[in-house]
Amino acid sequence: MTALIPRPRMQLAPGAVHVPGWLGVEQQRELVAACRGWASGPVPIRHTRLPRGGVMSVQTVCIGWHWQPYRYTRTAGDVNGSRVAPFPEWLAELGRRALVEAYEDPAAGVGYAPDTALINFYDGRATMGMHQDKDERSGAPVVSLSIGDTCVFRFGNTENRNRPYTDVELASGDLFVFGGPSRFAYHGVPRVLPGTGDPATGLASGRLNLTMRVTGLPG
Ligand code: MD3
Ligand code: FE
């Protein structure tokens, strides 16, 4: 959907850059189709179980490496024991182009080699609490792509899960890159705004978020 009110690109903090509307609708369709494939197997999308008995409201499927709280493995021991799908080269290339775009630096993507992606699906009631992503042994940037319903994304500080934080809306097609000092900031998704997505992406309802990361793990 074309915005009536323009949403300018924004640096929220050093290394944290929001680029609204980076993906066109056709690229979003292709990503939705790829995510549907990954969601169906070899490791099906599921609500991640937390070690203390809870279950995340978000549904997640991983490629390259499988994440479960709080480690990465090649096989999904907490789902069906299968090896996750490989991380495709076309997605790594998209990640490098995302860094070039966000940092407005033609060299920003050189050497960036993401080896895992977490694909999160939010129905209208799903949320994600404030957390840090620190199971990766690398300080390389995280690239986030959003498709479908708009959400409220809460970007906090590196000290704790409380204020100060900034709320920004992430809409379909938006790119967000978290590098440098922002890589280990607390963040979360307090709510999604149902009915705000464009069905032309192939997603009739809900929100998809794909984050690429570098695990820093060997081979
Ligand atoms: C900032 N996902 O998968 S994307 C996650 O929309 C996660 O599904 C949210 O937080 C989502 O871990 C937020 C934005 C994001 C992702 C990873 C980050 C922001 C980040 C890692 C470090 C700092
Ligand atoms: Fe996160």
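Everything quoted here is computed from the prediction, not taken from an experiment.

Regarding the site of ligand 1
In the vicinity of ligand 1, 18 residues are found, and the nearest of them are Y122, D133, R183, H187 and R207. Residue N209 places a side-chain N or O atom 3.5 Å away from an oxygen atom belonging to ligand 1. One nitrogen or oxygen atom from the side chain of R213 is found 3.0 Å from an oxygen atom belonging to ligand 1. When ligand 1 is considered free in solution it has 490 Å² of accessible area, and contact with the protein chains removes 98% of it. Those elements that place two or more of their residues in the shell around ligand 1 are β7 (116–122), β8 (128–131), β9 (142–148), β13 (187–192) and β14 (207–213). Here the element with the most residues in the shell around ligand 1 is β14; it accounts for four residues. Its residues assigned to classes, the shell around ligand 1 shows seven nonpolar, seven polar and four charged.

Section: the side chain of Q132
In this fold, Q132 is placed in the loop between β8 and β9. A polar contact of 2.8 Å, which involves the side chain of Q132, links it to the backbone oxygen of F184. One polar contact links Q132 to Y186, side chain to side chain, over a distance of 3.2 Å. When residues no more than four places from it in sequence are discounted, the contact partners of Q132 are T158, F184, A185 and Y186.

Observations concerning helix α1 (residues 25–40)
Look at α1: 23 Å from first C-alpha to last across 16 residues, which is about the 22 Å you get at 1.5 Å a residue. Buried residues of α1: Q28, L31, V32, A34, C35, W38 and A39, and no others. Seen end-on, α1 carries its buried residues on one side only, within an arc spanning 170°. Exposed residues lying more than 90 degrees from the buried face of α1 are E30 and S40. Within two residues after α1, G41 carries a phi angle of roughly 155°, on the positive side.

What to know about the pattern of salt bridges
Charged atoms that come close allow side chains of opposite charge to pair. Counting across every chain of the model gives 10 salt bridges. Residue R213 pairs with E136 through a salt bridge whose shortest N-O separation is 3.0 Å. Residue R213 is located in strand β14, and its partner E136 is located in the loop between β8 and β9; the two are separated by 77 residues in the primary sequence. E136 shares its class with R213; the two are buried. In this structure, D167 and R154 form a salt bridge, with 2.8 Å as the shortest nitrogen-oxygen distance. Of this pair, D167 sits in strand β11 (residues 166–170) while R154 sits in strand β10 (residues 151–155), and the two are 13 residues apart along the sequence. Put simply, D133, E136, R183 and R213 are held in one network by salt bridges that share partners.

Some remarks on the sheet that holds β14
Spatial strand order, β1-β2-β12-β9-β14-β7-β4-β3: eight strands in an open sheet with antiparallel pairing. Both outer strands of the open sheet, β1 (10–13) and β3 (46–49), are each paired with one neighbouring strand and no more. Along the sheet, successive strands turn relative to each other by an average axial angle of 30°, direction set aside. Summarising the sheet, β7 and β14 pair through seven bridges and their orientation is antiparallel. Along β14, the bridge assignment pairs Y122 with R207. Its contacts with the sheet put helix α2 (residues 89–103) on β2 (16–19), β4 (55–63), β7, β9, β12 (175–178) and β14, and the angle it makes with β12 is roughly 85°.

A look at the UniProt feature "domain: Fe2OG dioxygenase" (unreviewed entry) in the protein chain
Mapped onto this numbering, the UniProt entry annotates "domain: Fe2OG dioxygenase" (unreviewed entry) at residues 113–216. Across residues 113–216, the secondary structure splits into 0% helix and 43% strand, with the terminal C-alpha atoms separated by 10 Å.

A look at the packing of α1 against α2
Axis separation between α1 and α2 bottoms out at 13 Å; the angle between their running directions is 135°. Taken together, the axes of α1 and α2 are oblique relative to one another. The handedness of the crossing between α1 and α2 is left-handed. Together, Q27, L31, A34 and W38 of α1 and W90, L91, L94 and R97 of α2 make up the contact between the two elements. By residue class, the composition of the contact of α1 with α2 is six nonpolar, one polar and one charged.

Reading guide: rules and limits
Residues numbered from 1 in each chain as written. Chains lettered and ligands numbered in written order. Predicted model: local features only at pLDDT ≥ 70, side-chain atom pairs only at ≥ 80, totals over all residues. Heavy atoms only, no water. Near = heavy atom within 4 Å. Polar contact = N/O pair within 3.5 Å; in protein donor to acceptor, adjacent residues only side chain to side chain. Areas by Shrake-Rupley, 256 points an atom, 1.4 Å probe, with all protein chains shown as cover. Helix = DSSP H or I, 4+ residues; strand = E, 2+ residues; numbered from the N terminus. Nonpolar A, V, L, I, M, F, W, Y, C, P; charged D, E, K, R; others polar. Contact = heavy atoms within 4.5 Å. Expected span 1.5 Å × (residues − 1). Buried < 20%, exposed > 50% of the residue type's maximum accessible area, 1.4 Å probe, protein only. Arc of directions from axis to C-beta. Salt bridge = Lys/Arg side-chain N within 4 Å of Asp/Glu carboxyl O. Pairing = 2+ DSSP bridges. Axes fitted to C-alpha atoms, helices over the stretch in contact; angles between N-to-C directions. UniProt positions renumbered as here; feature names shortened; annotations may be inferred. Parallel < 35°, antiparallel > 145°, perpendicular 65-115°, else oblique. Left-handed = near helix turned anticlockwise from the far one by under 90°.

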